[in-house]
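Working through the structure, step by step
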Amino acid sequence: MSFIPGLGIVKGMALTLRRFFEPKATIRYPEVPADVSPKFRGRLQLLYDEWGTLKCETCFQCAQACPIECIDMGGIDTKGRYHVHWGPPEQYGERREESALRRSGRTVPDKAYEHFEPIDTDRVEAILEDHDHDPKRMLQILEAVQAELGWLPVAALKHISFRTGAYYALIYGTASYYRHLRLDPPGDAVQGRAFDAARPAESTYLSGLGAALEGRGAAVGGGAAGSAVH
Amino acid sequence: MTDLIVRPDDRPEARPDNRPDRPAKLDTIEPREDTLAERLITTQAPMRPQSTPPIRIEVDGRVVEGFEGQTILEVCRDNGIEIPTLCYEPKLPGFGACRMCVVEVEGIEHPPISCSQRADAGMKVATQTEHVRRLRATNLELIFSDHNAYCLPPCQNKCPSHIDIPGFLKANAEANFRESARIFKRTIPFPSVLGRVCPAPCEEHCRRDEVDEAIAIRDTHRYAGDQVLRAMLDDGEDPPVPFEVQPASGRRAAVIGSGPAGMAAAYYLLIAGHEVTVFERDPAPGGMLRYGIPQYRLPKVEVLEAEYESITRLGGRVVCNQGLGRDFGLDDLTNQGYDAVVIAIGCYDTNKLGIPGEDADGVLDGLEYLRTATLGLTVEGHAGSRVVVIGGGFTSMDCTRTSVRQGAREVTLVYRRDMKDMPAANEVHEAIEEGATAIFQAGPTRVITDEASGKVSGVEFIRMKLGEPDASGRRRPEPAPGTEFTIPCDRVLLAIGQGPELDWIGPGSTGVEATKQKRLKADAVTFETGRPGVFGTGDVRIGAATVVAAVAEGRRAAYAVDAFLKGLDLAAIRTRQTLAEPQPEFLSIVPFTSEVKEPRYRLTAMEPELRNRSYVEYEIPYTQAEAMAESTRCLQCTCEAIGFCDLRRLGIEYGTTLETLEPQYHAGAGYRSVTENRFTGVNHDYIRDDSHAFILREPSRCIDCGRCATVCAEVVGAACYDFMRIGFDTLVTTPLDMSLNDTPCVSCGRCAETCPTGALMPKPRALQKFEVNESTCILCGICVDACPYDALRDGADVELAHSSREQPMIDLLAIAAVDRETEVTYIRKERDWLARATAEGRIIQSDRLLPVLPATMAGDGHGNGHAGNGHIQHR
Amino acid sequence: MAFDDPSAALDVAVAAGAFEGLRRAVRDLGPTGTIATVAASGLRGRGGAGYPTGEKWRTAALTDAPRRYVVANGYGADPGSLTDRAMIEADPFLVIEGLAIAAIAIGATEAVVAVRASETEAVRRLEGVISAAEEAGFLGPDLLGSGHDLSVTVRPVQGAYMLGEETVLLNALEGRRGQPEQRPPHPAERGLFGMPTVVQNVQTLAAVPFIVREGAEAFTRIGARGAPGTILVQVRGAEREGVAEVPLGTPLREVVALGGEPGRGRTLKAVVVGGPSGGLLPPELLDTPYEFGALRAVGAHIGSGSVIAADDRACMLDLARLLTGFCATEACGKTIPCRIGTRRLVEIADRIVDGRPRPTDLQLLADLSADIVASALCDHERLATLPLTTGMRYFRSELDDHLLRSSCPAGVCRPIAVGAGSAR
């Protein structure tokens with residue numbers, strides 16, 4: 001209670017008037033851009049470089065990285081012939097399933113190798129059954145397939161990749177490393193054995209060693225051991 | 001981010017404990033400075049201990065901090081210490097293939113690789129000792145000994161104007177002569193002129209010479225230029241313009257001199273949007289090209305005037321019969337409102353011999369003689385006379401051969417050095433075929449005149465022996481006493497070099513001055529003279545030089561003048577100019593060994609008996625097939641990765657390069673850059689795979705680091721690559737070297753991005769559509785982090801405030817509607833390229849074409865495309 | 001011992017003391033005691049590197065992991081050395097027993113014996129022995145009542161010389177390319193399928209039962225200080241060629257003598273010690289004890305146990321070129337110094353042997369070898385430099401003959417043959 005009547009109103013009005021003339025803290029967004037820190041996460045923007053061209057290289061890494069898969073983007077090569085696209089999952093039923101399968105480590109059907117010569121995959125399948133479709137037993141699988149077919153045709157490797165989940169390129173890398181695995185068909189019709197006793201590098205070395213010790217010269221007499229280009 | 005979390009304790013109280021074996025102290029309670037970051041750490045996480053304990057190691061004598069479990073490389077990189085790597089993929093474990101990141105660690109016998117060696121507290125590491133640097137250099141040399149690829153073409157380096165020679169040769173090989181000329185015109189506006197008169201320094205260093213013979217670069221761009229001229233003259237088609245012509249700037253530039261330097265400057269200034277007027281002293285434009293080079297070498301109407309038409313078609317004006325100093329001065333130009341003046345008046349003042357009898361009747365200035373001869377006028381008294389030409393440059397050769405054509409009875413060319421030191425050495429045999437005689441290593445001592453008439457009757461010479469090399473690298477001629485001999489003659493033509501005429505400097509043209517060598521003083525990079533707005537370029541600045549050097553000068557001057565006219569600071573462009581003219585380092589790598597030999601297609605010349613009486617162009621030009629075949633011989637020794645290649649950068653840094661290709665620095669061992677590599681031996685040569693639309697594969701450049709294989713398998717999940725084969729023939733490639741189109745490649749480009757060399761390069765593609773489904777986007781910013789090109793950003797717009805959520809963020813079509821060449825407009829223009837190309841009769845190699853998507857699958861250019869599964873997208 | 005009936009053979013072996021060590025390890029020593037005993041014995045790996053076995057086992061046992069493995073490397077990478085095959089064929093029980101003891105010591109439940117696929121007899125014997133031992137309770141679930149399970153498989157492998165290297169063998173067992181991994185981490189910390197794995201040569205494992213049975217002290221009495229025990233050597237001399245067991249530390253002279261004297265009219269010129277990457281040692285060094293450190297000090301190594309006597313018919317350069325060439329061909333191709341560097345070493349050797357050396361070749365050889373050794377990933381590349389570096393070190397005059405005088409004293413190489421009694 002106060003003695004002066006209306007003092008409360010005056011105090012109230014004084015406050016109102018003071019606020020009236022104070023600088024406003026309101027920002028008229030979106031006409032006036034809000035002052036945000038550089039790390040503020042707002043809507044996505046594509047950026048341009050200093051010459052006015054979009055920096056985006058259409059590499060799809062953003063679309064692939066998005067955990068919600070909400071980016072839908074596409075591009076084209078500079079001759080307008082080839083079109084690449086990465087879009088939202090609902091429109092890519094197969095692709096989503098494929099990418100989910102890949103990430104889970106399960107096998108992914110790969111249609112890229114249709115045009116290689118087909119083989120009877122049942123024989124390969126039988127071997128895979130024996131080895132539990134285990135990609136960790138790749139060497140044994142490859143050796144067994146070679147024993148069965150005589151060599152490792154592309155279709156067989158493709159089938160192995162499909163059924164074991166191992167990447168085709170890595171199977172190829174393994175197969176091209178070991179000398180006993182043959183990626184070309186054998187010259188004669190005789191089926192190769194699972195291990196090939198004729199290891200050229202080793203036999204060349206041994207015969208070269210013998211020649212060198214007897215003074216016939218490893219390169220001159222016993223065959224060019226290792227130094228010649230094959 | 002690191003410095004927010006771990007702060008090296010450098011307060012004095014902590015110094016005694018600042019030893020590598022002492023644990024690092026961490027104080028997160030007291031803010032060290034009044035910033036937001038500090039307040040956040042100390043108030044919001046004051047007592048939280050580090051989850052990973054920090055450790056200290058000593059690197060190169062310095063104590064640095066890292067975390068337990070980090071490798072030495074990670075610790076060093078976090079602290080700004082650079083260790084070179086090639087096979088290291090950030091965020092993946094070290095692979096250990098390149099052995100470049102070796103460092104010396106106290107207590108470990110052989111230097112371990114820092115990408116795999118865990119950093120233990122108290123370790124003492126040295127990253128740049130001589131030993132590890134030597135190991136790295138050996139590794140690089142080993143790589144280069146099997147690196148059948150080239151960074152930079154030596155031809156482009158040697159060209160004074162740095163033309164993209166492999167580029168235009170490639171266009172030539174595809175019969176795209178217009179494009180070839182366009183590429184050429186980026187650096188030189190006159191391919192047909194240079195194709196006839198250039199001494200071709202590029203061909204001296206052509207790497208094809210190591211296989212069979214150098215490419216006939218000059219003759220091929222001559223052919224391309226001729227096709228453009230023919231299209232212009234016969235069909236009225238405008239010659240191609242290399243750059244987009246800028247809108248009119250409203251500035252006016254005056255170019256004095258219509259020789260190669262001046263006209264080149266005019267050309268590029270016109271493209272830059274300025275108004276250019278060229279003032280020429282003589283009755284017709286061309287300068288040395290018209291009055292110094294004879295008709296049989298450079299036809300004036302069909303070639304020179306046709307080439308110069310490209311300038312008039314761009315809007316340039318040529319005013320003849322206006323000579324600087326004679327008819328106007330620099331002040332007049334300023335008064336007429338020209339914002340910039342380019343002086344390119346060349347060198348017309350023939351040097352004097354300095355011997356008695358020089359001014360006798362019958363001793364002619366070579367240039368004066370040529371001027372008359374090329375004007376089509378017969379020089380009186382020349383037919384049937386005996387002529388001696390003194391000098392060894394192009395002018396003397398032109399004098400010689402023109403004298404023969406004008407019917408002189410005997411023409412003798414005398415040069416004081418040896419033939420191989422002549423600038424015009426390659427023309428000598430043609431001159432001799434036509435009937436001239438050449439004498440080398442003789443210098444004039446006096447002119448003998450007939451006493452009665454005062455006319456020349458002979459010249460006395462003295463034999464020269466070659467002494468020590470002088471500044472130009474050629475051996476200095478010294479007179480051998482007692483070997484004088486006389487050649488009787490009626491005419492002497494002096495062609496021993498020219499200097500600029502600078503007598504116009506003075507009232508009316510003040511503010512410029514001459515240098516001690518009597519040339520116009522102008523800056524080498526910005527071409528400024530002492531007078532503001534006046535620039536000097538070409539022979540007047542550098543002395544008598546070749547046409548190509550003059551054109552290069554003119555082009556660079558245009559760049560500077562353009563900057564001046566735009567009001568830019570010339571000191572600023574000085575750095576840019578210098579950087580734009582590269583000084584490449586040549587890596588010492590593998591010689592070409594496996595190319596099939598194919599001889600050079602030479603231009604045949606007319607019979608000497610036919611040609612020494614006429615001024616017809618004596619070289620029979622290529623047919624189209626020959627031009628294409630010759631261009632195909634180009635080995636394309638460029639690499640698209642230049643500027644991005646880690647291997648090259650490290651090669652330069654570790655000194656496995658040659659500084660220069662100049663022969664005198666290599667002790668006669670050959671200057672092809674291959675003998676320097678100690679390990680030259682058997683090497684691999686793989687074929688480029690250009691079949692994929694977005695990734696270019698060049699396996700010859702592969703260093704088998706395995707990064708592409710690892711990234712593709714582990715990060716992307718497509719696994720297109722792996723190490724194949726064993727031993728020396730190991731290569732990281734696709735199975736069976738198949739095209740990437742046959743692999744599970746998703747065209748993301750990560751392999752190209754991670755490749756440290758140019759073995760995998762991304763091909764450009766253009767974004768057509770980019771939509772974000774904002775109803776699901778959670779603004780997490782992961783996509784922004786994932787983008788390797790910084791092309792995406794979290795903006796400042798708050799989602800909820802956006803007025804319409806259905807609208808896409810970026811309206812590419814709206815942007816494309818702006819009148820500007822962007823990817824989208826370019827794509828639209830190029831849409832029918834195949835139809836256009838076949839209509840032009842261009843030969844398309846069908847095996848280099850990608851399989852075109854069937855019509856149902858191809859996009860329609862508005863972002864409505866098809867996915868691999870056939871679904872239609874709508875915007 | 002006839003192996004046609006494995007269980008009968010097992011009975012015979014047990015009667016002679018087989019699996020006694022295993023019993024002792026299970027009953028008396030336990031895992032910790034076993035490791036301590038083996039460590040105290042100073043046993044070092046016989047695969048060529050000579051790493052202390054006890055330390056390896058200790059590291060594997062101390063690394064925290066859900067599973068551990070033991071791999072017996074019986075591949076025998078050197079095609080000219082049959083020591084590992086001899087070991088397996090002569091006494092597979094010993095190998096299996098050692099394998100089981102190792103498994104008990106480190107707590108491994110799976111063990112693999114890698115054998116050359118072409119050695120069918122060895123494979124057969126091993127498989128028979130394993131199944132017989134499982135039946136008898138020495139292997140398999142709850143072996144000897146210890147509560148410890150152990151399953152042993154035989155893996156025939158082939159196709160690459162590099163399979164002798166432990167990380168390469170582990171990669172092959174995982175079905176991958178045989179490229180070595182960067183160490184550290186060692187296989188004892190992270191090996192097969194990322195689990196701690198102890199990889200030991202079959203000879204090393206064969207020494208373990210003796211140690212466990214008789215004690216570490218008894219073992220140290222055999223062989224040399226710092227290198228106790230015996231080792232199998234493949235000796236090739238003029239008269240004889242075969243596998244012998246010698247105590248470590250035996251002077252090289254005696255080992256060479258096992259192969260007989262040089263032929264009539266011939267003198268001993270060099271001894272190739274170590275296999276395809278062996279060092280060429282001159283006769284002056286015949287007193288070198290045949291053990292790890294001493295051989296390394298002179299530039300050779302134990303390697304595959306191969307000791308070859310070369311007489312004066314052989315040209316040292318030719319021999320060195322052959323050995324280096326084999327190493328270069330068999331390189332896996334992962335690292336740059338090995339893939340390209342060893343190939344360049346062979347090219348230098350080629351030039352020397354062909355009589356067209358470059359003036360810088362000798363310096364280049366020395367520099368390149370030093371750089372390869374310093375920056376190498378695995379021992380294959382380091383050891384591949386040994387033939388040429390020992391050739392340079394000990395046969396300099398012969399090298400100079402080739403380089404400076406274009407002559408080959410042995411009359412082998414293409415330069416004009418000038419030599420004692422050589423007919424070409």
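Just so you know, these numbers come straight off a predicted model, no measurement behind them.

So, how was this worked out
- Residues numbered from 1 in each chain as written.
- Chains lettered and ligands numbered in written order.
- Predicted model: local features only at pLDDT ≥ 70, side-chain atom pairs only at ≥ 80, totals over all residues.
- Heavy atoms only, no water.
- Pairing = 2+ DSSP bridges.
- Helix = DSSP H or I, 4+ residues; strand = E, 2+ residues; numbered from the N terminus.
- Axes fitted to C-alpha atoms, helices over the stretch in contact; angles between N-to-C directions.
- Contact = heavy atoms within 4.5 Å.
- pLDDT = per-residue confidence, 0-100.
- Buried area = accessible area lost by both parts, 1.4 Å probe.
- Salt bridge = Lys/Arg side-chain N within 4 Å of Asp/Glu carboxyl O.
- Polar contact = N/O pair within 3.5 Å; in protein donor to acceptor, adjacent residues only side chain to side chain.

Brief notes about the sheet that holds strand E16 (residues 475-488) of chain B
All names here are of chain B.
- Judged by pairing direction, the sheet is antiparallel, and its 3 strands sit side by side in the order E14-E15-E16 without closing on themselves. On the outer flanks of this sheet lie strand E14 (442-449) and E16, each paired with one strand and no other. Pairwise comparison of adjacent strand axes, ignoring direction, gives a mean angle of 20° for this sheet.
- Pairing geometry for strand E15 (residues 456-469) and E16, over 9 bridges, is antiparallel. From the neighbouring strand, Met464 faces E16, where its bridge partner is Pro479.

Some thoughts on the environment of Phe679(B)
- If you trace the backbone, Phe679(B) turns up in the loop between strand E23 (657-658) and strand E24 (695-697).
- For the pair Phe679(B) and Ile55(B), spaced 624 residues apart in sequence, the C-alpha separation works out to 42 Å.
- When residues no more than four places from it in sequence are discounted, the contact partners of Phe679(B) are Thr138(B), Glu141(B), Leu142(B), Ser145(B), Arg344(C), Leu364(C) and Leu368(C).

Side note on the sheet that holds strand E2 (residues 110-116) of chain C
Residue and element names in this part refer to chain C.
- One open sheet accounts for 4 strands, arranged E3-E2-E1-E4; its pairing is parallel. With partners counted over all chains shown, the strands left at the sheet margins are strand E3 (151-157) and strand E4 (197-201), one partner each. The sheet shows a mean angle of 20° between the axes of neighbouring strands, direction not considered.
- Strand direction decides the pairing type here: E2 and E3, joined by 7 bridges, are parallel. Looking across to E3, one finds that Val112 is bridged to Thr153.
- Helix H6 (residues 120-136) contacts E2 and E3 of the sheet and is inclined by roughly 175° relative to E3.

Observations regarding the confidence of the model for chain A
All names here are of chain A.
- Per-residue pLDDT for chain A averages 75, and the proportion of residues at 70 or more is 67%.
- When mean pLDDT is taken per element in chain A, helix H5 (residues 138-149) scores highest with 93 and helix H3 (residues 93-104) scores lowest with 52.
- Within the model, the stretch residues 189-198 combines pLDDT values under 50 with 20 contacts to residues more than four positions away or in other chains.
- Overall, residues 220-230 carries pLDDT values under 50, and its contacts beyond four positions in sequence, including any with other chains, amount to 24 contacts.

Concerning the interface of chain B and chain C
- Of the residues lining the interface, 35 residues belong to chain B; the matching set on chain C comes to 31 residues.
- Between chain B and chain C, a total of about 2,800 Å² is buried, with carbon and sulfur atoms accounting for 55% of that surface.
- On the chain B side of the interface with chain C, the three residues burying the most area are Arg99(B), Leu142(B) and Phe728(B), jointly 21% of the side's total.
- One can count 3 salt bridges joining chain B with chain C.
- Among the salt bridges present, the one from Asp371(C) reaches Arg134(B), with a minimum N-O distance of 3.3 Å.
- Scanning the region where chain B abuts chain C turns up 18 residue pairs in polar contact (both at pLDDT 80 or more).
- Elements represented by at least two residues in the side of chain B that touches chain C include exactly helix H4 (130-144) and strand E25 (722-724) of chain B.
- Top contributing element to the side of chain B that touches chain C by residue count: H4(B), with 7 residues.

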